[in-house]
Amino acid sequence: MAWDLLLPVFVALISILVSSTEGTIYTESQDLVHQIGETTSFICSAKLSVGDVMVVKSPERTAAVVTAMSLDSVTPAIVPGFESQVVAELDAAISATNPPYRNITITYNIDSVTANDSGLYECEKGTVKRNFNLRVVGPPTEISVTVDRLQGVNLTKDLTYDRNRYHNSRALWWAHVALDQPGNFDITAAITADPVADVTWYKITPGSTEKILVAVGEVITVERMDPNLNGSQFICTAMNDYGEISVSVLIELMYKPRDPVISMPDAYPEEGKPLFIECSFDAHPPATVFYTKEDPVTKQWERIGTGQSPGLYINDVQLDRDVGTYKCVGENALGESEGEIRIHGKPKNVDIHVGDIYGDSVDVHLTAFSAVAVSFRLSLNYTDEKGVEVQFAETIDKSSMQAPPNIRVPYEIKLPKSKTLYSLSLEASNRHGNAFSSGTNITSAHEGVTRPATTEIKQATSTYQKSSAMPGYNGHSLLFIVLCFTLKRFML
């Protein structure tokens, strides 16, 4: 009587029988261990009575569900995606037991084991479960790299790089490092491997193929101010008993524009001619460049043109319009920098070229570079016998003799005294400004040395005409006054 009551309970608690293909390695905990690439399978068998449900699960999700609505209609439902792996076989015979049942066998096949197949596989019917833990061993399968973005380092993975250029076929990560951020930064490698892999970091500096060991472990600290950092590769290698893999982290420094290079920071263009001034910056990522001009009245900076320009271009220079101060501005995501450009209308390269000296007569050429005609002011200084400094100056306006921009005017200077050291200086001015020559020293010849009859300076003034101290006197009057003044001082 007691046996009749226990028999249905005994039948209902028949466990699911689980087995594995030949060659599978069993651990004490009934784990399966396979190397990557091997083939394995496991079998779930169960006796299904009416109303029973059997479920087969993979580590990620359910693979199959078998429902016994009636013993004539046992329906195995294979979840989409598992059709090639899960095979269900149903016995044709129905048992003569009470209650009756039918045997079902589900085989779960894995043709080539990968690391993703690791995990717990389950066969479940009601409250009864049987499972296996599949452990897949092999070389490391993935290295994922991270950095602290708050420290100005942006990391991206690029699978399209030139593998021959960057040392074999390892995966490449690009680390864009902001140079103007403070402190060093860490690069951390996360390794997918079973068994656990040993991790080492190597460095290859630009222009070298030598790998230098720099760290052991998953984290490496990089010095941001390392002079060899830009273009360096940090190679992370993960190794266990089954093999190794590695990835490269290529460092690219990022910094705001700096060190502007201007083809003509001070321009002296010709009236009516085109002008092109190019400006570039050292920057990464590359800078976009635009130009501004200072308004001479408001002192505000106004942008010239729209968008990026390779240079400052003026098709037809009009000095009254175009002379002024300009800026070339380079900008990228990290900031901006600027360089100054000045377009001048005033003269430059002012000089005195001394020719022959004949007693108190000196031949000179007054030169300057100017887009328009200039007015010269020639100054002469010497010290007399009493130590008194004497200065003369004369304005020379010979616009009809000038051919801008390279102006060269011949001139004859009458020196007040012979055998005396003189210092000459020249100022050239136009409506846009003025410029000065450096000092030129000459010594007058002995008295009695005269200009040969065949020597002639055409288009030159014959006397030194004006003095800054006594305007309106000619050169001979000034000479007479100076001599009288000197004689009086001597007699006293």
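The coordinates are above.
Enquirer: Is there a simple way to explain unusual backbone geometry in this structure?
Expert: Peptide bonds are mostly trans, and most non-glycine residues show a negative phi. The amide bond that connects Asn98 to the next residue, Pro99, takes the cis arrangement and shows omega of 0°. Summarising the element assignment, Pro99 is placed in the loop between strand E8 (86-90) and strand E9 (102-110). If you check the backbone angles, Asp259 has positive phi at about 50° while not being a glycine. With respect to the element layout, Asp259 can be found in strand E19 (residues 243-262).

Enquirer: Help me understand the packing of aromatic side chains in this model?
Expert: In this description, an aromatic ring pair is defined by two values, namely the gap between the centres and the angle between the planes. Tallied over the entire structure, the rule returns seven aromatic pairs. A centroid spacing of 5.2 Å and a plane angle of 10° characterise the contact between Phe42 and Tyr108, whose relative ring orientation is stacked. Of the two residues, Phe42 sits in strand E4 (residues 40-48) while Tyr108 sits in strand E9, which places them 66 residues apart along the sequence. Residue class for Phe42 comes out buried when judged on its relative accessible area of 6%. An aromatic cluster of three or more residues is present, and its members are Phe42, Phe82, Tyr108 and Tyr121. Seen from the ring of Tyr255, Arg258 lies directly overhead, with NZ or CZ sitting 4.0 Å from the centre. If you follow Lys348 out to its NZ or CZ, it ends over the ring of Phe369, 5.2 Å from the centre.

Enquirer: Please explain the side chain of Thr107 as it appears in this structure.
Expert: Along the chain, Thr107 turns up in strand E9. With relative accessibility at 17%, the residue Thr107 sits in the buried group. Those residues within four positions of Thr107 in sequence are excluded, and the remaining contacts are Ser41, Phe42, Ile43, Gln85, Val86 and Val87.

Enquirer: Please clarify how the pattern of salt bridges should be interpreted in this entry.
Expert: Opposite charge on two side chains permits pairing when their charged atoms draw close. Summed over all chains, the structure comprises eleven salt bridges. For the salt bridge of Lys57 with Glu124, the shortest nitrogen-to-oxygen distance reads 3.6 Å. Taken as a pair, Lys57 in strand E5 (residues 53-57) and Glu124 in strand E10 (residues 119-125) lie far apart in primary sequence, 67 residues in all. Linking Asp322 and Arg321 is a salt bridge whose minimum nitrogen-to-oxygen distance equals 2.7 Å.

Enquirer: Sorry if this is basic, but what is going on with the sheet that holds strand E28 (residues 361-369) here?
Expert: The pairing of strands in a sheet happens through backbone hydrogen bonds and is either parallel or antiparallel. Spatially, E27-E28-E31 is the arrangement adopted by the three strands of the open sheet, whose pairing is antiparallel. The open sheet is flanked by strand E27 (348-358) and strand E31 (406-414), the only strands paired with a single partner. Pairwise comparison of adjacent strand axes, ignoring direction, gives a mean angle of 20° for this sheet. Bridging between E28 and E31 involves nine bridges; their strand directions are antiparallel. Directly across from Val362, in E31, lies its bridge partner Ile413.

Enquirer: Looking at this structure, I do not really get the sheet that holds strand E23 (residues 301-304). What am I missing?
Expert: Spatial strand order, E20-E26-E25-E22-E23: five strands in an open sheet with mixed pairing. Each edge of the open sheet is held by one strand with a lone partner, namely strand E20 (266-267) and E23. Across six bridges, strand E22 (residues 288-294) lies against strand E25 (residues 324-332) in antiparallel orientation. Opposite Lys293, over in E25, you have Tyr326 as the bridge partner.

Enquirer: What am I meant to see in the pairing of strand E11 (residues 128-147) here?
Expert: A regular strand places its side chains so that they alternate between the two faces of the sheet. Looking at chain direction, strand E3 (residues 32-35) and E11 are connected through four bridges and run parallel. Residue pairing for E11: Gln35 is matched across the bridge by Val137. Where E10 lies against E11, seven bridges are found, and the strand directions are antiparallel. From the neighbouring strand, Gly119 faces E11, where its bridge partner is Leu134. In this structure, the hairpin formed by E10 and E11 is closed by a connection of two residues, where Gly126 is found at a positive phi of approximately 65°.

Enquirer: Help me understand the environment of Ile304, please; the structure alone is not making it clear to me.
Expert: Mapped onto the secondary structure, Ile304 falls in strand E23. Taking the relative accessible area as the measure of exposure, Ile304 reaches 35% and is therefore partly exposed. Look past the residues within four positions of Ile304 in its chain and what remains in contact with it is Tyr291, Thr292, Lys293, Leu312 and Tyr326.

Conventions used here
- Throughout this description, residue numbers start from 1 for each chain and increase along the sequence as written.
- With the structure being a predicted model, the display of local features is reserved for residues of pLDDT at least 70 and the display and counting of side-chain atom pairs for 80 or more, all residues being used for whole-chain, interface and lining totals.
- For the side-chain quantities, the full set of heavy atoms in the structure was used; hydrogens and water were omitted.
- Runs of E in the DSSP output that reach at least two residues are strands. Runs of H or I that reach at least four are helices, and both are numbered from the N terminus.
- Only rings of Phe, Tyr and Trp enter the pairing, Trp through its six-membered ring, and a pair is recorded when the two centres are within 6.5 Å. The plane angle decides the type: under 30 degrees is stacked, over 60 is edge-to-face, the rest tilted.
- The buried label goes to any residue with under 20% of its type's maximum accessible area, the exposed label to any with over 50%, and the partly exposed label to all in between, with areas taken from a 1.4 Å probe on protein chains only.
- Lysine and arginine charges are scored as sitting over a ring when NZ or CZ, respectively, is within 6 Å of the ring centre and within 35 degrees of the ring normal.
- Here a residue-residue contact requires only that any non-hydrogen atoms of the pair lie within 4.5 Å.
- Definition used for salt bridges: Asp or Glu carboxyl oxygen within 4 Å of a side-chain nitrogen of Lys or Arg.
- Pairing between strands is defined by DSSP: at least two bridges between them are needed.
- Every axis corresponds to a line fitted to the C-alpha atoms, with the helix fit spanning only the stretch in contact, and the corresponding angles, defined between N-to-C directions, vary from 0 to 180 degrees.

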